[in-house]
Amino acid sequence: MIHRMSAALLSLAGLFISAYLYLYKLGKIGGLACGTGGCETVQLSPWSRVAGVEVALIGVLGYAGLLALSLAALQPGLAARRWPATLLAVLAGVGVLFTGYLTYLELFVIHAICRWCVASGFVILAIFTVSLLDLRRLPRDGNA
Amino acid sequence: MAATQAGMKRFYSVLAVIAVAGLGLLGYLLTRPATVSIPANVIVQASDTSGFKGYVKGSATAPVEITEYADYQCPFCQTFATLQMPTIEERLINTGRLRWRYRDFPLQQHPFARLAAHSAACADEQGKYWDQHRRIYEGQAEWSAAGNAAPILRKYAGTAGVDLARYDACMQAGKYAGRIQADQNSGVALGVSSTPTLLANGRLYQGRFDSDAITKLVDSLARHPTK
């Protein structure tokens, strides 16, 4: 259970990071707290949108989904089931790949690093790790 | 292994503390007082733009014109203005091959962008526009991070040789708020959504530019002056 609790807490942290960046993109909070200025460079670049959707909004929705799933997976009926952990690992895995792509853009295309994006990268990687650990503790038949 | 009731209680307590702290912080950021003193989204009057078609640099007979829509607080614009523009000026503008037109496009997420644009406009009425323009971009890291950018911009105006009494009156009146808004409206009408955006020969170019890319673009447009 500790893994799913960790996933929930990490998802909540990721949700707030994404919400902060999305509110910035909406022009609701002024500047970003980012010492290097790299955050604004990244957030205002043409690559801050994917298929017309703000990357920060994708983060908000993604972390909200992971939070809901982690909390559901903690409920007595699902606590011993394997599939929530599998789903969590798959979704977080997609998040890790997406973050890897965004980090590549920051390093080699935009040439600026957003600290908040790096923080989000660590969060999604941590969620992926704990969901794998959760999977490892559960037997394949789902009747732990 | 099921978690104990006490363990779950502790978990929900920690979750609630983080949620309340996060929501509180976002709430504070959303409600803190804005520092912008130049009004945005003003109704543009005809008198705001009479005779004004952007800040122009270069020969009136240059075969190519590029209009730049930019935001003083945008990091991309700053890099472009300080690193690429000197070369563009030397190679293209000063040699009569290119005319550059600068228009304001202050993005709403930049609390001081409109103030900076207005500061440059007030310097313009004393013939010091490009001096102030350069100083604002060069000092972006300083005023952008400040709690109040106005005194820093005023300091730049003073260094540029602007009469500060007239400057202060201009700033306090928000004299050019309509003109800045008109610039922004013209960009929106063209489809500008980010900065810097260049308009050349009826086409918009967005993203990162360097002086070599601009030189190639100018060469190409000079060879094919279709519009």
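Values in this document were obtained by computation on a predicted structure and should not be read as measured data. (Residues numbered from 1 in each chain as written. Chains lettered and ligands numbered in written order. Predicted model: local features only at pLDDT ≥ 70, side-chain atom pairs only at ≥ 80, totals over all residues. Heavy atoms only, no water.)

*Asks:* Which parts of the structure should I look at to understand the overall build of chain B?
*Replies:* Looking only at helices and strands, one finds 10 helices and 5 strands in chain B. Expressed as a percentage of the 227 residues in chain B, the buried residues total 47%. Restricting to contacts in chain B with at least 6 residues of sequence separation, those with at least 24 account for 78%. When the accessible surface of chain B is split by element, carbon and sulfur atoms take 55% of a total near 11100 Å². (Helix = DSSP H or I, 4+ residues; strand = E, 2+ residues; numbered from the N terminus. Buried < 20%, exposed > 50% of the residue type's maximum accessible area, 1.4 Å probe, protein only. Contact = heavy atoms within 4.5 Å. Areas by Shrake-Rupley, 256 points an atom, 1.4 Å probe, with all protein chains shown as cover.)

*Asks:* Got a minute to help me understand the packing of aromatic side chains in this structure?
*Replies:* Aromatic rings in a pair are described by how distant their centres are and how their planes are angled relative to each other. All names here are of chain B. On inspection of all chains with the given rule, the structure shows 12 aromatic pairs over all chains. Seen from their ring centres, tyrosine 72 and tyrosine 137 are 4.8 Å apart, and the 35° between their planes marks the pair as tilted. In this pair, tyrosine 72 sits in the loop between β2 (64–70) and α3 (75–93) while tyrosine 137 sits in helix α5 (residues 129–138), placing the two residues 65 residues apart along the sequence. Judged by its relative accessible area of 2%, tyrosine 72 falls in the buried class. Overall, tyrosine 137 belongs to the buried group, its relative accessible area being 1%. (Phe/Tyr/Trp six-rings, centres within 6.5 Å; stacked < 30°, edge-to-face > 60°.)

*Asks:* Got a minute to help me understand the interface of chain B and chain A in this structure?
*Replies:* Interface extent is often summarised as the accessible area lost during association of the parts. In this complex, chain B contributes 28 residues to the contact, which on the side of chain A involves 29 residues. For the chain B and chain A pair, buried surface summed over both sides reaches about 2400 Å², with 72% attributable to carbon and sulfur atoms. Linking chain B with chain A are 0 salt bridges. When contributions to the side of chain B that touches chain A are tallied by element, the ones reaching two or more residues are α1 (5–31) and α3 of chain B. (Buried area = accessible area lost by both parts, 1.4 Å probe. Salt bridge = Lys/Arg side-chain N within 4 Å of Asp/Glu carboxyl O.)

*Asks:* Could you clarify how one ought to interpret the pairing of strand β4 (residues 197–200) of chain B in this entry?
*Replies:* In the case of a regular strand, side chains alternate between the two sheet surfaces. Residue and element names in this part refer to chain B. Of the two faces of β4, the one carrying Thr197 and Leu199 and the one carrying Leu198 and Ala200 are both buried. With 4 bridges connecting them, β2 and β4 associate as antiparallel partners. Paired with tyrosine 69 across the strands is threonine 197, a residue of β4. Joining the antiparallel neighbours β4 and strand β5 (residues 203–206) is a turn of 2 residues, in which asparagine 201 adopts a positive phi near 55°. (Pairing = 2+ DSSP bridges.)

*Asks:* Explain the sheet that holds strand β3 (residues 98–104) of chain B here, please?
*Replies:* Across a sheet, paired strands are connected by hydrogen bonds in the backbone, their directions being either parallel or antiparallel. Residue and element names in this part refer to chain B. In spatial order, the strands read β1-β3-β2-β4-β5; together these 5 strands make up an open sheet with mixed pairing. At either margin of the open sheet sits one strand with a lone partner, and together these are β1 (55–57) and β5. Direction aside, neighbouring strands of the sheet carry axes that sit 25° apart on average. On the sheet, α3 packs against β1, β2 and β3 and is oriented at approximately 155° with respect to β3. (Axes fitted to C-alpha atoms, helices over the stretch in contact; angles between N-to-C directions.)

*Asks:* Mind showing me how you'd approach the pairing of β5(B) here?
*Replies:* Where β4(B) and β5(B) come together, 4 bridges link them in antiparallel fashion. Counterpart to Thr197(B) in the pairing with β5(B) is Gln206(B).

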